[in-house]
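Next come the chains, spelled out residue by residue.
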Amino acid sequence: MHRNSYHRWIIAVPVTAIAVIASVSAPRASQDAADDEQQVGQQVFDELKAKGEIVSSSPLFDQLKPIADAIARTAQPYYNHPFTFYLVHEQDPNAFATPGGKVYVTDSLLYFVKNTEELAGTLCHEVSHTIHHDSMKLIEKERSIERREIGAAILLGPTRAHVLAIALIGKLRSLGYSREAESAADLTGSDVCAATGDNPWGLVWLFQDFDSADLGKVPQVLSDHPDNQHRVQALQHHFGENPKVFATFSADKKGAKPFVPVKDAVEIFLR
Ligand SMILES: [Zn+2]
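The structure contained in this document is the topic of the report that follows. (Residues numbered from 1 in each chain as written. Predicted model: local features only at pLDDT ≥ 70, side-chain atom pairs only at ≥ 80, totals over all residues. Heavy atoms only, no water.)

### What to know about the side chain of Asp 107
Mapping Asp 107 onto the fold places it in helix α5 (residues 107–112). The exposure class assigned to Asp 107 is buried, which follows from its relative accessible area of 5%. Apart from residues lying up to four places away in sequence, Asp 107 is in contact with Leu 60, Leu 87, Val 88, His 89, Glu 90 and Glu 267. (Helix = DSSP H or I, 4+ residues; strand = E, 2+ residues; numbered from the N terminus. Buried < 20%, exposed > 50% of the residue type's maximum accessible area, 1.4 Å probe, protein only. Contact = heavy atoms within 4.5 Å.)

As structure tokens, this is what we get:
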């Protein structure tokens, strides 16, 4: 595959990239907390599977897989559960990460992105939310708001993980991450992309596309925040501060690798 030619970046780049990633990563969670993350992630997976949304086989998944696998290999040392990517069938272009290492990409996103770098940038951004434990932090932070809901659920007897998953499923589509968490995921995501050999300018191009896109079609995961310009500037600043990592990548979109999703791809769902 063409991506193999980029493996040299994994050798050439990581020392600097690792330092940058590590500097914005949360301290390693305790084993108990890690187990909570895995359980919450599994509960979300079960819910999505029950809704018949998870694609078990599709030519689209075959197109996504090599891009996702390469990113997972780069990101794996920074997270203590295996990264696994799933394709889900949804109308809105979107991607979201749940605790425990599962990352979901909607089929619509594959038709929205204009090139491989924009897709990779989105995946790297999501993986970074997981590395930063953002969704667990979000649940913990908002738990008091949901105390009544959770209290009611506990009466019915589910596990704590199930309760947290219920809270998370409600959050996935609205993604109330703070501006700081989003920007941190952008920067770590750009490190992950660079170390993988995916041009990290892809995320910048994606933001720029939003400004000209039909708002109804903008991936919700990235569109909740009206400060795309601020995020672009933060990325550009980060690139400028780490020339050893980023100077080799061109800001020129003309050099992007096309991503051409199979039209009307057949999807078989996990049941
Ligand atoms: Zn995000």
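More follows now that the structure is in view.
### A few points about the coordination of the zinc ion
For the zinc ion, the full set of protein donor atoms is His 125 (NE2), His 129 (NE2) and Glu 182 (OE), and the range of their distances to it is 2.0 to 2.1 Å. In terms of primary sequence, the donors binding the zinc ion are separated according to H-x3-H-x52-E. Of this pair, His 129 sits in helix α6 (residues 116–131) while Glu 182 sits in helix α10 (residues 179–196), and the two are 53 residues apart along the sequence. The pair His 129 / Glu 182 is uniform in exposure class, with both members buried. (Donors = N, O, S within 2.8 Å, 3.2 Å for Na, K, Ca; no water.)

### Overview of the pattern of salt bridges
Within this structure, the stated rule accounts for five salt bridges. With a closest N to O distance of 3.6 Å, Arg 231 and Glu 182 form a salt bridge. Of this pair, Arg 231 sits in helix α13 (residues 228–241) while Glu 182 sits in helix α10, placing them 49 residues apart in sequence. For Asp 186, the salt bridge identified is with Arg 231, shortest N-O distance 2.7 Å. On the criterion of sequence distance, the pair formed by Asp 186 in helix α10 and Arg 231 in helix α13 is long-range, its members being 45 residues apart. (Salt bridge = Lys/Arg side-chain N within 4 Å of Asp/Glu carboxyl O.)

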